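Chain by chain, the residues:
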Amino acid sequence: MALVNLRAVTSWVGIARLFAILLACIAFSLVASTGVYGGPYGTWCMFSWCFCFAVTLLIVLLELFELYPQLPLSWDDFTSAFSMLAALMIFTSSVVFPSVFIGSPCSSSICMRQAAATAISCLCFLAYALEVGLTRAKPGDISSFLSTVPGLLKVFEAYVACLIFSLLDAYDSAPGLQWCVAVYAVCFVITLLIIIFTIGRCLSYIPCPLEKVLVAYNALAMLMYLTAVIIWPFYSFSNRSRPSNCGANCSWNKHLGVTFLTIFNFLAYLVDLVYSTKMVFIRTRS
């Protein structure tokens, strides 16, 4: 007989997940009813809403029938990482979709539904952000690494790196740009492996002081991103002004987007380093 855990839908976290499921479903249903979501940006937004809806529904069902203990993974780390990822994906969709598909003036029925979908998507982001806040580990609690601030930053860093990869264009013209791409790729792979090994409960098998290794990696990644913060805009915009007919797919605009995302990730690794150092060395001394 299957056990039913009603706290999966009656706790504050469960309620936030139910709202996220409902709002994501409404968002992609409204957009699907318009039939206007072609191209890479529309496809990404539809994928984000559908993916977050499906995985969140699966999480609720697994917790409702208490099936998650049978999975060979750290459930708290998985749910914390996914809620952070979902919040980032929905936030991106809430920004990208209206900027690409909603024009001015917005008077047609299709535009009205697109605007409603955007508003619903923003509410969906708030639901996932609330879940992240509710499941975030309390200060001093490191039982679930990905629910701590450094763990959540790992998800943020990997996601921003994916956004950078999506904007990379014409980077093989200078060695400096190639170095920056190498920085993005190396840091992304290592950060992703940390997330996967944490969820898969594999970090305990590493024969070294893992916490100090993570601090060292954060310091190295921060320094590597610092070089990219300087080198990428220098080689991208030196003696090169913005073209007058620069559209959404313009190389200049993409390089500008990569510049800002590089700064965001540099700041993320800096904060990650500060929190990790505080958790490891200050806690060790106390």
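In total, this model carries three salt bridges according to the counting rule given. Ionic pairing is found between R17 and E63, a salt bridge with its closest N-O pair at 2.9 Å. Of this pair, R17 sits in helix α2 (residues 12-34) while E63 sits in helix α3 (residues 39-64); the two residues are 46 residues apart in sequence, bridging distant segments of the chain. Accessibility assignment for this pair places R17 and E63 in one class, buried. In this structure, the salt-bridge partner of D272 is K154, at a minimum N-O distance of 2.4 Å. Taken as a pair, D272 in helix α9 (residues 251-285) and K154 in helix α6 (residues 149-167) lie far apart in primary sequence, 118 residues in all. Classification of K154 as buried rests on a relative accessible area of 1%. Among the charged side chains, a network of salt bridges with common partners joins R17, E63 and E131.

Take the nonpolar core next. Counting residues in each nonpolar core, the largest one holds 70 residues, and the members touching the most others are W49, Y128, I164, Y184, C187, Y225 and W232. At the level of elements, α2, α3, α4 (75-101), α5 (109-135), α6, α7 (175-199), α8 (210-237) and α9 are the ones that each hand at least two residues to this core. Among the elements that make up this core, the one with the highest residue count is α4 (12 residues). Contacts of Y184, omitting those with residues within four sequence positions, involve I164, F165, L168, Y225, A228, W232, V258 and T262.

This part is about the side chain of T92. Structurally, T92 is set in helix α4. With near-sequence residues (within four places) excluded, T92 lies in contact with W44 and Y159.

Glancing now at α2. In this model, α2 (23 residues) spans 34 Å end to end at C-alpha, consistent with the 33 Å of a helix rising 1.5 Å per residue. Buried residues in α2 make contact with α1 (7-10), α3, α4 and α5. Positive phi appears at G35, one or two residues downstream of α2, with a value of about 75°.

Here is what the cut-offs are and how they apply
Residues numbered from 1 in each chain as written. Predicted model: local features only at pLDDT ≥ 70, side-chain atom pairs only at ≥ 80, totals over all residues. Heavy atoms only, no water. Salt bridge = Lys/Arg side-chain N within 4 Å of Asp/Glu carboxyl O. Helix = DSSP H or I, 4+ residues; strand = E, 2+ residues; numbered from the N terminus. Buried < 20%, exposed > 50% of the residue type's maximum accessible area, 1.4 Å probe, protein only. Core = buried A, V, L, I, M, F, W, Y, C linked by side-chain atoms within 4.5 Å. Contact = heavy atoms within 4.5 Å. Expected span 1.5 Å × (residues − 1).

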